Amino acid sequence: MKKTPPHRFQLRLPEALFADIVEGMRRKGGKSLNREIVERLSETNQDDAASRIAEALRPLLGTLDEAERERVAGLIGEVAQVLTKSRSRKRRPK
């Protein structure tokens, strides 16, 4: 069976978005630019609980100023830490 070659096309990105993708690529250990873009696109097509939460929050966050968005992000991070701690406590044998 013949393997279909991947689609190739040119992509024009705003400079700020390109810089964000490159920075994300560096933070994750220097993957290729192509791999970073493919992973980000794949994540947006997932229909899991985290994606649904993000979709619900995205328009709301857009109504906030930068300081408020940072505060909300910090609070959500704290919630994630609490959930992680709660989950690890339940796993310990009694």
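Residues numbered from 1 in each chain as written. Predicted model: local features only at pLDDT ≥ 70, side-chain atom pairs only at ≥ 80, totals over all residues. Heavy atoms only, no water.

This part covers the overall build of the protein. In terms of regular secondary structure, the protein is built from four helices and zero strands. Listing each helix as α and each strand as β along the protein from the N terminus yields α-α-α-α. Over its C-alpha trace the protein gives a radius of gyration of 18 Å, far above what one expects of a compact globule, namely 12 Å for 94 residues. Along the first, second and third principal axes, the C-alpha set of the protein runs to 55 × 45 × 25 Å. For the protein, the proportion of its 94 residues judged to be buried stands at 7%. By element, 57% of the accessible surface of the protein is carried by carbon and sulfur atoms, the whole surface being about 9,000 Å². (Helix = DSSP H or I, 4+ residues; strand = E, 2+ residues; numbered from the N terminus. Rg over C-alpha atoms; globule rule 2.2 N^0.38 Å. Buried < 20%, exposed > 50% of the residue type's maximum accessible area, 1.4 Å probe, protein only. Areas by Shrake-Rupley, 256 points an atom, 1.4 Å probe, with all protein chains shown as cover.)

A few words now on the environment of Leu33. With respect to the helices and strands, Leu33 occurs in helix α2 (residues 33–44). Judged by its relative accessible area of 30%, Leu33 falls in the partly exposed class. Separated by 46 residues in sequence, Leu33 and Val79 have C-alpha atoms that sit 32 Å apart. Apart from residues no more than four positions distant in its own chain, Leu33 is found in contact with Phe18, Ile21, Val22 and Met25. (Contact = heavy atoms within 4.5 Å.)

Per the stated rule, a full pass over the model turns up six salt bridges. A salt bridge links Asp20 to Arg40; the shortest N-O distance between them is 3.1 Å. Within this pair, whereas Asp20 is found in helix α1 (residues 15–27), its partner Arg40 is found in helix α2, the two being separated by 20 residues in sequence. Residue classification places Arg40 among the partly exposed residues on the basis of a relative accessible area of 25%. (Salt bridge = Lys/Arg side-chain N within 4 Å of Asp/Glu carboxyl O.)

With that settled, consider α1. Between its first and last C-alpha atoms α1 spans 18 Å; for 13 residues at 1.5 Å apiece the expected length is 18 Å, and the two agree. Within α1, the full set of buried residues consists of Ile21, Val22, Gly24 and Met25. Considered in projection along α1, the buried side chains sweep an arc of 160° and stay on one side of the axis. Exposed side of α1, more than 90 degrees from the buried face: Glu15, Ala16, Arg26 and Arg27 are the residues found there. Following α1 by one or two positions, Gly29 has its phi on the positive side, about 105°. (Expected span 1.5 Å × (residues − 1). Arc of directions from axis to C-beta.)

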